[in-house]
Amino acid sequence: MFLSNRFNPLAQTFNRIIDLGRRKTNTPINTAFKAGRKSTGKPGEVHLIGCGPGAADLLTVRADRLIRAAQVVIYDRLVGEDILDLIPADAERYYVGKAPGDHSVPQAEIGTMMVEQASRGKTVLRLKGGDPAVFARMAEEIEALNSAGIPWQIVPGITAASGCAAAAGIPLTDRGSAHQVRFVTATHHADHLSHDWAALARRDQTLVFYMGLEALPTITTELQKQGLPGDWPILLIENGTRADQRNLLASLDCIVDKAREAQFRSPSLIIVGEVTRTARAQAISLARAQEVA
């Protein structure tokens, strides 16, 4: 507990020590090092930046400013090329993207890389698709930075659920049919998905499955087992908000076959619920324009 006398110098010093202890670990900043490289002074700062669902003009003003002045950039697979084009030519770039079954750099090494670069006094940008706090393993990266005494900030971005739904022309909630919305990760192998399917299979809500294309057969089967009808609407959005976006609107009982026929690929977002019915006209027109068949 803080000492109450704000004018007592001893109390002020004691309070500062307590505050520092709450915000940092026992590892002093000036001894932080990785890969044999010691810090020689004050470390740089790491910015954990959400780059939104893809389109560069959906970046926040802060994200855009930081990217245009970047020194070191560590970026994911889902960061759009037009966003990467904003990075200065002399900035250092490190790709650490993950695809299904293919992680270019293990998560622990990403933390090591951020610490090492920041320990050199560099300002480091960690670019992530969507919002960095939604299914982006941000907590693990913050833990690595805290352990080394590296200062950091979070720059939020538009999460894929909001961005892709907007690009498909649908709401995520509706006063008459969807009183709540749930974001669900589906990155695990389909055989290992362990969600509360009974709680998910409700008619009065919208479900958004992130990174779930490989698990689509399991998702549709389990929702039907728990009571959703076979004709319940489901929408796939591939490359949401980008120029090559594709929508595919169908029902639980046929979406797997239709997605296979249309050769849908990752990254694809899955939205389940009554709200997707309003996307029908747009989904069909986009499919025809993109020659989806």
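Shown above is the structure to which this text applies.
The residue numbering used here restarts from 1 in each chain and proceeds along that chain's sequence as written. Only residues with pLDDT of at least 70 are given local features in this predicted model, and only at 80 or more are side-chain atom pairs given and counted; all residues enter the totals for whole chains, interfaces and linings. Each side-chain value is derived from all of the structure's non-hydrogen atoms; neither hydrogens nor water enter the calculation.

Participant: Before we go on, may I ask you to explain the nonpolar core in this structure?
Facilitator: Nonpolar side chains in soluble globular proteins tend to be buried together. In this text, buried Ala, Val, Leu, Ile, Met, Phe, Trp, Tyr and Cys residues form a nonpolar core when linked through side-chain atoms within 4.5 Å. Buried residues are those whose accessible area, probed at 1.4 Å on protein chains only, stays under 20% of the maximum for their type, while exposed residues exceed 50% and partly exposed ones sit between those limits. If you look at the biggest cluster of nonpolar residues, it comprises 25 residues, and the most contacted ones within it are Phe209, Ile219, Leu223, Leu236, Ile270 and Val272. Under the DSSP-based scheme used, a helix requires at least four consecutive residues in state H or I and a strand at least two consecutive residues in state E, with every element numbered from the N terminus. The set of elements that each furnish at least two residues to this core consists of α7 (197–200), β11 (205–210), α8 (216–225), β12 (233–238), β13 (246–251), α9 (255–261) and β14 (268–272). With 3 residues, the top contributor of residues to this core is α8. In terms of nonpolar packing, the next biggest core, distinct from the first, is built from 18 residues, Ile49, Ala70, Ile83 and Val155 among them.

Participant: I tried to follow the sheet that holds strand β10 (residues 180–185) on my own but got confused; where do I start?
Facilitator: Neighbouring strands of a sheet are bound in pairs by backbone hydrogen bonds; such pairs are parallel or else antiparallel. What the 5 strands build is an open sheet, ordered β10-β11-β14-β12-β13; its pairing is mixed. Across the chains shown, the open sheet's two edge strands, defined by having one partner strand only, are β10 and β13. Here the average twist between neighbouring strands, direction ignored, is 20 degrees. Strands qualify as paired when DSSP identifies two bridges or more between them. Here β12 runs beside β14; their pairing, made up of 5 bridges, is antiparallel. Considered in β14, the bridge of Ile234 is made with Val272. Structural elements are reduced to axes, namely lines fitted to C-alpha atoms, with helices fitted over the stretch in contact, and the angle between N-to-C directions of any two is expressed from 0 to 180 degrees.

Participant: What is the right way to read the side chain of His47 from this model?
Facilitator: Tracing the sequence through the fold places His47 in strand β3 (residues 46–50). Distance and chemistry together define a polar contact, namely a pair of N or O atoms within 3.5 Å, with one atom able to donate a hydrogen and the other to accept it when in protein, and with adjacent residues in sequence counting only for side-chain atoms on both sides. A distance of 3.5 Å separates a polar atom in the side chain of His47 from a polar atom in the side chain of Glu45. We call two residues contacting when some pair of their heavy atoms lies within 4.5 Å. Once residues within four sequence positions are removed from consideration, His47 is found in contact with Leu66, Thr123, Val124, Leu125, Arg126 and Gln153.

Participant: Even after reading the chapter, I still don't get a negative patch on the surface, so can you show me in this structure?
Facilitator: Exposure above 30% relative accessible area and the lack of any salt bridge qualify a residue for a patch; like charges then connect within 9 Å, and the nonpolar side chains Val, Leu, Ile, Met, Phe, Trp and Tyr within 5 Å. Exposure was quantified through the Shrake-Rupley algorithm and a 1.4 Å probe, taking into account, for residues, occlusion by the shown protein chains and nothing else. For salt bridges, the criterion is a side-chain nitrogen of Lys or Arg within 4 Å of an Asp or Glu carboxyl oxygen. When charges are tallied, Lys and Arg are placed among the positive residues and Asp and Glu among the negative ones, while His and the ends of the chain are skipped. Lysine's charge is taken at NZ, arginine's at CZ, aspartate's at CG and glutamate's at CD. A surface patch of like charges, here negative, comprises Asp57, Glu81, Asp82 and Asp85. Tracing the sequence through the fold places Asp85 in the loop between α3 (81–84) and β5 (92–95). Overall, the relative accessible area of 60% leaves Asp85 in the exposed class.

Participant: Help me understand the packing of helix α4 (residues 107–119) against helix α5 (residues 138–147) in this model?
Facilitator: The angle between the axes and the distance between the axes are what describe a pair of packed helices. At a minimum axis distance of 9 Å, the contact between α4 and α5 shows a crossing angle of 45 degrees. In terms of orientation, α4 lies oblique with respect to α5. α5 is crossed by α4, and the crossing has right-handed handedness. Here α4 contributes Gln107, Ile110, Gly111, Met114 and Val115 to the contact with α5, which in turn contributes Glu140, Glu141, Ala144 and Leu145. By definition in this entry, angles of less than 35 degrees are roughly parallel, angles greater than 145 are roughly antiparallel, angles of 65 to 115 are roughly perpendicular, and the rest are oblique. Whether a crossing is left-handed or right-handed is set by the direction in which the near helix is turned from the far one by less than a right angle, anticlockwise for left-handed and clockwise for right-handed.

Participant: Any chance you could explain the sheet that holds strand β8 (residues 124–128) here in plain terms?
Facilitator: With parallel pairing, the 5 strands of this open sheet are ordered in space as β5-β4-β8-β3-β9. This sheet does not close on itself; its edge strands, each paired only once, are β5 and β9 (152–155). The sheet shows a mean angle of 15 degrees between the axes of neighbouring strands, taken without regard to direction. As paired strands, strand β4 (residues 72–75) and β8 are joined by 4 bridges and run parallel to one another. What sits directly across from Val73, in β8, is Leu125. Running at roughly 150 degrees to β8, α4 makes contact with β3, β4, β5 and β8 of the sheet.

Participant: Please explain the pattern of salt bridges as it appears in this structure.
Facilitator: Side-chain pairs of opposite charge can arise where the charged atoms are in close proximity. For the coordinates displayed, the defined rule picks out 11 salt bridges. Between Glu222 and Lys225 there is a salt bridge whose closest N-O contact spans 3.8 Å. A residue pair is termed a helical-turn pair when its members lie 3 or 4 positions apart in one helix, as Glu222 and Lys225 do in helix α8 at 3 residues. Look at the salt bridges and you will find they share partners, linking Asp76, Arg126, Lys128 and Glu141 into a network.

Participant: Just to check I follow, could you spell out the packing of aromatic side chains for this structure?
Facilitator: Each aromatic ring pair is described using two quantities: the centre-to-centre distance and the angle formed by the ring planes. Two rings belonging to Phe, Tyr or Trp (six-membered ring only in the last case) form a pair when the distance between their centres is within 6.5 Å. Interplanar angles under 30 degrees mark stacking, angles over 60 mark edge-to-face geometry, and anything in between is tilted. All told, the structure shown has 4 aromatic pairs when counted by the stated rule. Taken together, a centroid distance of 6.3 Å and an interplanar angle of 25 degrees make the contact between Trp197 and Phe209 stacked. Of this pair, Trp197 sits in helix α7 while Phe209 sits in strand β11, and the two are 12 residues apart along the sequence. Take Trp197 and Phe209: they sit in the same class, and that class is buried. Ring pairs connect the aromatic residues Phe135, Phe183 and Tyr210, which therefore count as one cluster.

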